[in-house]
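This is what each chain is made of:
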Amino acid sequence: MMLIRPPRFLSPSPAPGPREPRLRRPVDASRIFSSPRPPGRRPRAASPATDLRRLTARIVDLTRRRQLAQIMEEVEAARRRARGGGVLNTIVMNAVLDACVRCGDVDRALRHFEEMRGPRGCGVDGVSYGILLKGLGIARRIDEAFEILESIEKDSSIGSPRLSPHLICGFLNALIEAGDMRRANALVARFRKVLYEGHSVLLYNLLMKGYIKSNFPLGALTVKDEILRQGLKPDRLTYNTIISACVKSAEIDKAIQFLEDMKEEANRESNPELLPDAVTYTTLLKGFGNSRDLYSVLKIVVEMKSSLLSIDRTAYTAMIDALLACGSIDGALCIFGDIIKQAGNNKDLRPKPHLYLSIMRAFAPRGDVDMVMRLSKRMWPDSVGFISRAAKEEAHELLMEAAINNNQIDLARGLLRRIVNEKEYFSWTSRVGLVAVKVESLSGFTNSLLRPHVFPQIILDDPVEKYMVSFQESRPLPADIILRKVVMRFLKDRAVPLVDDWGSCVGIVHRDDCTKLDAPLLSMSRGPPLCVPTSTTVEHVIDLLLREKSEMVVVVKSGNMYEGSYTSSSRPLGVFSLAILWSFIGDYSSDIQDPDFSRVTTLKQNAEACNCS
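Bear in mind that the values here come from a model prediction, so they are computed numbers and not experimental data.

Caption draft 1: Seen up close, the sheet that holds strand β5 (residues 531-533). In space, the four strands of this open sheet follow the order β1-β7-β6-β5, with mixed pairing throughout. Single-partner strands in this sheet number two, and they are β1 (469-470) and β5. Both strand β6 (residues 552-556) and strand β7 (residues 574-577) contribute to a ladder of four bridges, which runs antiparallel. Its bridge partner being in β7, Val-554 is matched across the sheet by Val-575.

Caption draft 2: The pattern of salt bridges, seen in detail. In total, this model carries 28 salt bridges according to the counting rule given. Note that Arg-374 and Asp-370 form a salt bridge whose closest N and O atoms lie 3.4 Å from each other. Linking Arg-374 with Asp-370, this pair stays in helix α20 (residues 369-382), spanning four residues, or about one helical turn. Note that Arg-484 and Asp-518 form a salt bridge whose closest N and O atoms lie 2.7 Å from each other. Of this pair, Arg-484 sits in the loop between β2 (477-478) and β3 (495-499) while Asp-518 is found in the loop between β4 (505-510) and β5, placing the two residues 34 residues apart along the sequence.

Caption draft 3: How the structure looks around the nonpolar core. One finds Ile-59, Phe-171, Leu-187, Leu-285 and Ile-320 to be the most contacted residues of the largest nonpolar core, which totals 127 residues. Those residues within four positions of Leu-187 in sequence are excluded, and the remaining contacts are Phe-146, Leu-149, Ile-168, Phe-171, Leu-172, Leu-175 and Leu-195. Grouped together as the second largest cluster of nonpolar side chains are 19 residues, Met-468, Val-541, Leu-546 and Ile-580 included.

Caption draft 4: Quick look at the pairing of β6. Most of β6 is tucked away: five of the five residues are buried. Of the two faces of β6, the one holding Met-552, Val-554 and Val-556 and the one holding Val-553 and Val-555 are both buried throughout. When β5 meets β6, the two strands line up parallel, connected through three bridges. Across the sheet, the residue bridging to Cys-531 is Val-554, located in β6. Chirality of the crossover, the property in question, places the unit of β5, helix α24 (residues 538-548) and β6 among those that are right-handed.

Caption draft 5: Quick look at the side chain of Ser-296. For Ser-296, the location among the structural elements is in helix α16 (residues 294-306). Looking at Ser-296, its side chain comes within polar contact range of the side chain of Asp-293, at 2.6 Å.

What counts, and where the lines are drawn
Residues numbered from 1 in each chain as written. Predicted model: local features only at pLDDT ≥ 70, side-chain atom pairs only at ≥ 80, totals over all residues. Heavy atoms only, no water. Pairing = 2+ DSSP bridges. Helix = DSSP H or I, 4+ residues; strand = E, 2+ residues; numbered from the N terminus. Salt bridge = Lys/Arg side-chain N within 4 Å of Asp/Glu carboxyl O. Core = buried A, V, L, I, M, F, W, Y, C linked by side-chain atoms within 4.5 Å. Buried < 20%, exposed > 50% of the residue type's maximum accessible area, 1.4 Å probe, protein only. Contact = heavy atoms within 4.5 Å. Right-handed = clockwise from strand over helix to strand, strands pointing away. Polar contact = N/O pair within 3.5 Å; in protein donor to acceptor, adjacent residues only side chain to side chain.

Read these as layout, nothing more, since geometry by itself doesn't imply function.
Given below as structure tokens:
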């Protein structure tokens, strides 16, 4: 006989009787997957100071991405969670002020500033005033900024800020960035005592920067003389600014002399902070590239690579641009290969699309289709940053240019077909326009991609009265009617004439301008209508439509053009539009409804050729 022992986890059955239901606490999902917590310890709640630091860091990050609306939502949510009436501290609100200024909303920054210094606000400090002054300078609201500075000077401002060079330099830098040297000099003269009390070269560097942005960059050299006269020592930014001024003025010899002075002073004082950096060499490379001085470019490149200088992506890009400007494609490819090799270990060196396009521009005139195609393919996976639509279009255009220069007509035609389908219009004087002319001339008139048409029924010298449609047939609409009532009309017609109560044409409303359903049509018209006399030639009317970018002109009697206001005294006879013009095309088909201006230009040119022949 086998003895079966009950399992250890089974407890003996309780005596029968009434039992009270046992309440269970709902299980928290986070406790199921979290590690066991030691007994007797509870998680510590984040302190309010920690929450505010996190909020400040979050505002700074969103400011970098220009997401002002998201910043405002999170700040309002933090106010609702905060104790004491929802007041945040000054550091957080200063970050909000800076976000408003950087995103270009100075009015909102002013409102937050007034709330901060109000009776229920968190208060303002010198940083708050500095940010606000900078924003007013960027927004060109100079008078308001000067009023704030004068109130600070008179100690009548809330928060008792103190006038300091750093408080004024933000406003001064905004004026200099805007190129307003007159007001910048007035600011320096007004607060000269404050600005010079620190005896720092910061003020002088800002003034030199202002001269570079103005039409007199060599004025920065006089500022350097003033630095030496005041007994101050120029820093690296001072020399970089002076070298930039010399390069902008095409004074390359002076730039080289300042570079040598920079090295000599750094060695004499054993100050590595004065040695040239990547900005110094990048500025010089731009100057040598503009002057096509290949020897000096190569000398700078060798000096940069042989020094202990940290070469970043911008410096490498400047090297390649300078070498390409001097015609050294092989040298540019060597530097480009160096970038690609180092980018495997350092992602910050991955080139931007601009660099690929620069090299492709050098190979396209040589007809190197293989190189241009390889660069175009590698630009998508290997480059860093956003590839704009313009960059994509230029890559196709450069490949088409290389193909036509290599006599690969079929490849050029295929690329031109793709460009024509994607582009709304292009100029004949642009790169794609010039190459398109060459492709069209090699393809022949009967095999054209741009579908040129002829006017078998129109003579360009005929008066427009011969081809116009009577005004009543154009079915004009009342000028005061609401768009909502006639919106279906614009699904068929691209432009409709408008008439007043007396039957006079007072405007033409285009389909592209119909953006407000509850507005009258007259409010969306482009002013008085284009009107021509009946004797005007068709050629002149087409030129007028293209020049004014309009879809329709109104035809009136020949004498009415000089009888005062058209809207009050002239009675329209008819209209002539681009749609009417397309109805006279020999191989017109129903699928062509919205021709663009470039195709109409081709129409007119081919019509002239046909009529002349």
